[in-house]
Each structure stands twice: as C-alpha cells, then as structure tokens.
Amino acid sequence: MSLYNQKQVIYIISSPLSERDFNRFGIKNWINRGWKVNVFDFTFFLYPKFWKFINGDKLSCNFEGLKIFHNIHEAVDVLRSLENKVVFIDFLGFSAAEMQIRKVAKRTGVLINVLSGSFPEPDHKLNIFNIFGLIKNPIFFFNKLFFFIQKKFEQIRAKKTIPDFLVVNGSKSMAGIKSKKTSVIKAHSFDYDFFIKKKNLKLNKKRKFLVFLDEDGPYHSDFIRLGIRPFVTAEKYFPVIDLGLSEIAKSLNLKIKIAAHPRSNYDVKQIKYKHSIIENKTFELIRDADVVVAHMSTAIQWAVAMKKPIIFVTTDEIQNTFYGRPYAKYINHFATTLGSRVVNLNDVSSITSWKDYLSIDKKKYKKYIDNYVKSKGSPKKLVWDIVIEYLEKDLLL
C-alpha cells in the first residue's frame with residue numbers, strides 16, 4: 001500500500017520560475033496526469049542581489065501553484081506543515097540555507113534530483129602556478145580563494161546529499177552515485193526532448209549560414225548570482241567576435257546569424273553584436289546551419305546530435321586575462337572532448353585552411369551523446385513522462 005494519499009509534486013527552486021522553466025520543468029505533464037503541482041521559490045532570500053538584478057517578480061510566470069518565499073523561517077514552517085507525503089523535485093544548490101530547506105523537505109516526502117545539463121568539465125585545481133599568477137591581482141586572488149573554498153564546502157555538502165531518486169542523462173551523470181538508497185531513473189537532457197517532439201527534422205537549406213551560439217558572456221545573470229566577475233568585458237568581447245565571425249563567414253562563403261542566449265536581453269544593451277541576433281530559435285538555427293561556432297554552450301549537444309561541424313572559438317582576452325582563463329580552460333576541454341581544435345578570433349586571419357576545423361570525429365560525437373546527453377537504454381519519451389511513469393509505478397500511485 002502506498003504511503004502517498006494523493007499525487008502531489010513540489011518543485012523546490014533557487015532561480016525564478018520563468019515561462020521557459022515552466023515548460024522545461026514539464027509542469028503541464030504532471031497536471032495532465034492528475035498531479036497537484038506546486039513550485040516553492042526561495043530565490044528572493046537566498047540570492048537577493050540576483051533576484052533584484054533579474055527583476056524576479058516580473059520574470060516569474062503567472063502560475064497559481066507558484067509560491068515565492070521571503071525568508072527561511074516562512075519556508076521551513078510551510079514545509080513542516082505539509083500533511084501528506086510529497087514528491088519533491090530538487091533544483092536547489094548546496095549553500096547552508098539550501099541544505100537546511102532540503103533536510104526539512106526530505107522529512108516530508110521523497111527527493112528527486114535531476115541532472116539536466118551535464119557537459120565536459122576540466123579539473124578544478126588551485127595549484128602553485130595558479131596561486132603565483134593570482135597574487136599579481138590581490139583583490140581577485142582573495143575573491144578567487146573565497147569562491148574556491150566556498151565551492152569546496154558545497155562539494156562536500158553535495159556528496160552528503162543522498163536523493164531518493166536521481167534522473168540521469170548519460171554515463172557521466174551516474175559516476176558519483178554510491179548510495180544504494182538512490183534509485184536511478186535513466187532519461188536524457190531537457191534539450192533532447194526537442195528530438196522527441198520534432199520527429200521529422202526538415203532542413204531549411206534556402207540560405208547558407210553559420211550560427212554563433214551566444215552565451216550572454218559579459219551580461220549573464222549567473223555572475224551576479226555566484227558573486228564572480230564575468231569572463232569577458234563587453235568593450236573587448238563583441239568587436240573581436242564580430243570581426244572573427246566575419247572572417248570565418250567570408251572564408252566559407254556563408255552568412256552569419258547569432259543565436260541569442262535564452263536569458264539575454266540585447267534590446268536594452270548598447271554594446272552588442274553587429275550581426276543579426278535571433279531570439280528563441282537556437283534549435284532551428286543549429287538544424288539549418290552549415291557550421292556551428294561556439295565557446296562552451298550546452299546547446300552544443302544539439303549540434304553534436306545533428307552531426308554538425310563545430311568551430312570552437314576563443315579570444316586574447318579569454319586566453320590571457322586572470323578573469324578569462326577559467327573560461328578558456330572549459331572551452332579547450334570541451335573542444336578536446338569532441339576531437340576539435342580551438343580558434344583564437346584575434347588571430348583568425350592567419351588560418352589558411354578550415355578543413356581540419358570542420359572535420360567531425362564521429363566516435364567522439366557518439367561518445368559525447370552517451371556520456372552527457374542520453375542514457376543508454378532510456379525510453380524514447382519526453383523526460384518528464386519518463387520520470388512520472390517511473391514514480392507512479394515505484395510509489396504505487
């Protein structure tokens with residue numbers, strides 16, 4: 001007999017529930033299957049600067065099941081007052097306050113952790129050479145040291161967190177599972193749902209173009225949330241990207257389109273790309289493009305799945321500045337994982353042949369899908385349908 005008297009799921013989040021996240025979280029999928037759905041948003045008091053920067057009240061979608069909490073006491077009281085056993089979808093981080101919320105939630109039901117966006121990550125080691133380089137910039141050094149220590153504490157907390165269910169999207173996301181108390185739900189990344197929904201990938205080949213995957217580099221709100229400096233500056237970044245893309249497009253006889261990051265808002269920015277910026281069409285742009293140009297966007301998985309040639313790019317600023325080098329490390333590691341090379345757009349005119357940069361390593365592309373996008377043997381269904389069906393069967397609902 002089930003301990004759950006009703007089908008109720010509560011998302012616990014620390015970033016506002018935007019319209020995009022409402023769709024990505026599959027909330028309608030639960031509702032259509034007879035579940036009561038609530039979203040508990042703790043961003044307002046967990047990350048107040050971030051909330052203010054992105055205008056959390058305005059960004060949050062109009063969903064009757066959404067509750068925005070203003071302090072941790074209110075959050076704990078509401079969680080403790082829940083009368084029935086609940087399924088919690090855990091999208092919290094690992095700060096001390098988030099751990100406290102998670103601990104109270106776990107007493108009231110089961111925790112489901114969703115690993116929705118895995119990608120290749122280089123080793124994070126603060127070695128002696130890094131330290132000597134950072135000492136030249138003392139303010140950045142102490143900020144970096146504080147961030148490093150903070151992350152170490154969060155990693156320790158993360159290892160101590162044992163969810164009841166873990167939704168995985170590739171072999172790499174299963175690497176840290178050690179507890180027998182955790183049931184594994186094999187699925188795929190949120191973005192892979194596009195391939196499930198769009199079974200017929202019809203290409204539009206009327207116009208030849210390359211697409212650049214924007215990451216909202218100088219302006220991304222996550223830098224406010226994490227309290228760190230952006231990896232690039234608008235004044236240096238956009239001119240180099242514009243010129244570099246123009247050189248590549250000229251060499252390959254292609255037009256240029258920028259796929260805007262979903263959180264970007266270039267309408268209000270004075271310094272931005274000179275090329276055409278297109279919003280909310282990243283999947284379609286990658287599908288129709290001849291070449292994809294990128295740094296380390298998670299949208300690269302679409303290019304890999306569609307077997308598109310990918311040109312990884314960097315700049316002098318990213319490679320040579322103390323604030324850009326961590327970004328460079330990610331870009332280089334991502335390119336290596338896919339068997340690709342990285343182009344420095346400050347020196348793009350020196351490239352006489354693009355043949356090697358446009359080659360596709362089919363084995364590494366396939367390995368990338370297996371490691372970071374789709375678990376082997378997972379059903380060919382929408383990710384939230386996979387989760388709901390598994391839970392209803394496991395919890396006898």
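All values reported here derive from a predicted model rather than from experimental measurement.

Thresholds applied
Residues numbered from 1 in each chain as written. Predicted model: local features only at pLDDT ≥ 70, side-chain atom pairs only at ≥ 80, totals over all residues. Heavy atoms only, no water. Salt bridge = Lys/Arg side-chain N within 4 Å of Asp/Glu carboxyl O. Helix = DSSP H or I, 4+ residues; strand = E, 2+ residues; numbered from the N terminus. Buried < 20%, exposed > 50% of the residue type's maximum accessible area, 1.4 Å probe, protein only. Phe/Tyr/Trp six-rings, centres within 6.5 Å; stacked < 30°, edge-to-face > 60°. Pairing = 2+ DSSP bridges. Axes fitted to C-alpha atoms, helices over the stretch in contact; angles between N-to-C directions. Contact = heavy atoms within 4.5 Å. pLDDT = per-residue confidence, 0-100. Expected span 1.5 Å × (residues − 1). Arc of directions from axis to C-beta. Parallel < 35°, antiparallel > 145°, perpendicular 65-115°, else oblique. Nonpolar A, V, L, I, M, F, W, Y, C, P; charged D, E, K, R; others polar.

Here the focus is the pattern of salt bridges. Summed over the entire model, instances satisfying the criterion amount to 12 salt bridges. Of the charged contacts, one joins Asp164 and Lys106 as a salt bridge, the two residues approaching to 3.2 Å between their closest N and O atoms. Residue Asp164 is located in the loop between helix H9 (138-160) and strand S6 (165-168), and its partner Lys106 is located in helix H7 (residues 96-108); the two are separated by 58 residues in the primary sequence. Among the salt bridges present, the one from Asp288 reaches Arg287, with a minimum N-O distance of 2.9 Å. Residue classification places Asp288 among the buried residues on the basis of a relative accessible area of 8%. Residue Arg287 is classed as buried on the basis of its relative accessible area, which comes to 16%. Members of the salt-bridge network, linked through shared partners, are Lys7, Arg33, Lys381, Glu389 and Glu392.

Before going further, it helps to spend a moment on unusual backbone geometry. In this structure, Asn55 is a non-glycine residue whose phi angle is positive, near 55 degrees. Of note in this structure, Asn280 is not a glycine but carries a positive phi near 60 degrees. With respect to the helices and strands, Asn280 occurs in the loop between strand S10 (277-278) and helix H13 (282-288).

What follows is about the packing of aromatic side chains. Across all of its chains, the model carries 33 aromatic pairs by this definition. Ring centres 4.6 Å apart and planes at 10 degrees place the aromatic pair Phe25 and Phe91 in the stacked group. A residue pair is termed long-range when its members are at least 10 positions apart, and Phe25 in the loop between helix H1 (19-24) and helix H2 (27-32) and Phe91 in strand S4 (residues 86-91) qualify at 66 residues. Judged by relative accessible area, which is 9%, Phe25 ranks as buried.

Another aspect to go through is the sheet that holds strand S3 (residues 66-68). A sheet is described by the order of its strands in space; here seven strands give the open sequence S3-S2-S1-S4-S5-S6-S7, paired in parallel fashion. Strands with a single pairing partner mark the edges of an open sheet, and in this sheet they are S3 and strand S7 (183-186). Going from strand to strand, the sheet's axes swing by 25 degrees on average, the running direction of each strand aside. The pairing of S6 with S7 spans four bridges and is classified as parallel. By the bridge assignment, Val167 is partnered in S7 with Ile185. Docked against the sheet, H7 engages strand S1 (8-13), S4 and strand S5 (109-114), running at close to 125 degrees with respect to S5. Set on the sheet, helix H18 (residues 383-394) makes contact with S1, S4, S5, S6 and S7; between it and S7 the angle comes to about 145 degrees.

Of the residues in the protein chain, 86% reach a pLDDT of 70 or more, and the chain-wide mean stands at 88. Segment residues 131-136 is flagged for pLDDT under 50; beyond a separation of four residues in sequence, or across chains, it makes seven contacts in the model. In this model residues 138-147 is a low-confidence stretch, pLDDT under 50, and it forms 11 contacts with partners more than four residues away in sequence or in other chains.

Right, let's talk about the environment of Asn113 for a bit. The topology assignment puts Asn113 in strand S5. Not counting residues within four places of it along the chain, the set of residues in contact with Asn113 comprises Asp90, Pro163, Phe165, Leu166 and Val167.

Across its 13 residues, H7 extends 19 Å between first and last C-alpha, which sits within 8% of the 18 Å expected from 1.5 Å per residue. Of all the residues in H7, the buried ones are Glu98, Ile101, Arg102, Val104, Ala105 and Thr108. For H7, the buried positions fall inside an angular range of 165 degrees around the axis, keeping them on one side. Projecting away from the buried face of H7 at angles above 90 degrees are the exposed residues Ala96, Lys103 and Arg107.

Our focus in this paragraph is the sheet that holds strand S11 (residues 291-294). Pairing in this open sheet of six strands is parallel, and the strands run S10-S9-S8-S11-S12-S13 from one edge to the other. Sheet topology places S10 and strand S13 (342-344) at the edges, where each strand pairs with a single neighbour. As judged from the two bridges shared by strand S9 (residues 255-259) and S10, these two strands associate in the parallel manner. Note on S10: the bridge partner recorded for Ile258 is Ile277. Docked against the sheet, helix H16 (residues 325-337) engages strand S12 (310-314) and S13, running at close to 160 degrees with respect to S12.

Attention shifts here to the packing of helix H6 (residues 72-80) against H7. The interhelical angle for the contact between H6 and H7, taken along N-to-C directions, is 10 degrees, at an axis separation of 9 Å. Judged by the angle between their axes, H6 and H7 are roughly parallel. The segment H6 lies against H7, with Ile72, Val76, Leu79 and Arg80 engaging Ala97, Gln100, Ile101, Val104, Ala105, Arg107 and Thr108. Across the contact of H6 with H7, the residue classes break down as seven nonpolar, two polar and two charged.

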